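# Overview (structure and organization)
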Amino acid sequence: QLDPENTGFIGVETFTSLVHSHELPLDPAKLDMLVALAQGNDEGQVCYQELVDLISSKRSSSFKRAIANGQRALPRDVLLDETGLGFYKRFVRYVAYEILPCEMDRRWYFYQHRTCPPPVFMAAVTLTQIIVFLCYGARLNKWVLQTYHPEYMKSPLVYHPGHRARAWRFLTYMFMHVGLEQLGFNALLQLMIGVPLEMVHGILRISFLYLAGVLAGSLTVSITDMRAPLVGGSGGVYALCSAHLANVVMNWAGMRCPYKLLRMVLALVCMSSEVGRAVWLRFSPPLPASGPQPSFMAHLAGAIVGISMGLTILRSYEESLQDQCGWWVLLLSYGTFLLFAVFWNIFAYDLLGAQIPPPP
């Protein structure tokens, strides 16, 4: 009756009066978003398909464009003004303001967020790293500088250039750590940054970014530091951290996380200190060792992956990556690097006559 020509549109005033007169059970937050979207177009009309998408928690292409263009203001106060929230919902709101730069994105995430599936990837990786560290620490009775213990480097998880044919080592080295300080640093960042990122962007995107950083780290070491082994999850950690920090910088005006400048400086200082420590252990080992100490190049490789590929992932909240040309360019570049690294590990060591230390 309200759309006799079956156009799929009705005026926003007509829709609002319809909602109030019939007392339709619509979520007030989603109703606000729909009205805000209608006010953002030239005709001021409500689209039926947009209504269906919004009620089913699906963002249509027009809704995505409206968010990207930022052409309409929210009719209600910002999310921070919400009162009477429980502990978990306050935590979800905190995550929204930590990760997302747009108020509409924050509200969308806050109201459509579900506890299932939980952010299990980062928690599982961190827990596995802690268990592996405790097992080796108790077995060897050594909790710092574990790489100086010959039995530690015999682990089937450690990447060693003499065991390049065992391909799983290019990933499993992330479960091993030099000592308690490296494990603590990585675990803290994974939980403080990785878990909120996974809550917002989902397990598939964040696990892909983390593992891409880990794999890029080991392959970069195999190319640039051909004699060095590798342990620690720093490649994945730096991919997450650099992607998040780059996203904050790119959206500085829209980010509402408190003390963002101070936190940015502290994060950069901590990350730089960790890289400096890794360089020191590589070239000036404090104890005599039977072979070269783990390389630091995984940190830098992870940071490059985060700034390039990770920034694209984080900027595309709730949007399909496959629809973006930049994503395919980055994916092709990463695939080319992987292919080059594979051929390098197969042929370059013999052609260059690299003096590889004997594997433990």
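Position numbers for residues start from 1 in each chain and track the written sequence from start to end. Given that the model is predicted, a residue must reach a pLDDT of at least 70 before its local features are reported, and side-chain atom pairs must reach 80 or more before they are shown or counted; all residues, however, enter totals for whole chains, interfaces and linings. Heavy atoms from the whole structure form the basis of all side-chain values; hydrogens and water molecules are not counted.

The next point concerns empty space enclosed by the protein. In this analysis a 1.4 Å probe is tested at points of a 1 Å grid over the protein atoms alone, and where it fits but cannot get out there is a cavity; an open set with protein on both sides within 12 Å along at least five of seven lines is a pocket; lining residues have an atom within 4 Å of a point. Grid points are joined across faces, edges and corners, and a volume is the space filled by probe spheres set on the points. Evaluation of the coordinates by the stated rule reveals 2 cavities of 30 Å³ or more. If you add up the space inside the largest cavity, you get close to 130 Å³. Residue lining of the largest cavity: 17 residues in total, with Val178, Gln182, Ala278, Pro294 and Ser295 positioned closest to the centre. A run of DSSP states H or I qualifies as a helix once it reaches four residues; a run of E qualifies as a strand once it reaches two. Both are numbered from the N-terminal end. When residues of the lining of the largest cavity are assigned to their parent elements, the largest contribution, 4 residues, is made by helix α13 (residues 260-283). As a working rule, the residues Ala, Val, Leu, Ile, Met, Phe, Trp, Tyr, Cys and Pro are called nonpolar, Asp, Glu, Lys and Arg charged, and the rest polar, with Gly in that last group. Within the lining of the largest cavity, the residues separate by chemical class into 8 nonpolar, 7 polar and 2 charged.

Any Lys or Arg side-chain nitrogen found within 4 Å of a carboxyl oxygen on Asp or Glu counts as a salt bridge. Applying the stated rule across the entire model yields 5 salt bridges. The partner of Arg277 in a salt bridge is Glu181, with the nearest N and O atoms 2.5 Å apart. Separated by 96 residues along the polypeptide, Arg277 in helix α13 and Glu181 in helix α10 (residues 180-201) bring together distant segments of the chain. Owing to a relative accessible area of 19%, Arg277 belongs among the buried residues under this scheme. A salt bridge links Arg282 to Asp225; the nearest nitrogen and oxygen atoms lie 2.9 Å apart. Taken together, the positions of Arg282 in helix α13 and Asp225 in the loop between α11 (203-224) and α12 (234-250) put the pair 57 residues apart, joining distant regions of the chain. Neither Arg282 nor Asp225 differs from the other in exposure class; each is buried. Burial here depends on accessible area, computed with a 1.4 Å probe over protein chains only, as a share of the maximum for the residue type. Under 20% is buried, over 50% is exposed, and the range in between is partly exposed.

What follows concerns the UniProt feature "active site" (unreviewed entry) in the protein. In this numbering, the UniProt entry assigns the feature "active site" (unreviewed entry) to Ser234 and His299. Taken together, the annotated residues stretch across 66 residues yet fold into one region, lying no more than 5.5 Å apart by C-alpha. Lining the largest cavity, from the residues just named, are Ser234 and His299. As for its placement among the helices and strands, Ser234 is situated in helix α12. Since its relative accessible area comes to 2%, Ser234 is described here as buried. Contacts: residue pairs with any heavy atoms within 4.5 Å of one another. Those residues in contact with Ser234, other than ones at most four positions away along the chain, are Gln182, Asn186, Glu274 and His299. With respect to the secondary-structure elements, His299 resides in helix α14 (residues 297-315). On the basis of relative accessible area, His299 is assigned to the buried category, the value being 4%. Beyond its immediate chain neighbours, meaning those up to four positions away, His299 contacts Ser234, Tyr238, Glu274, Val275 and Ala278. UniProt positions are given in the numbering used here, feature names are shortened, and annotations may be inferred rather than shown by experiment.

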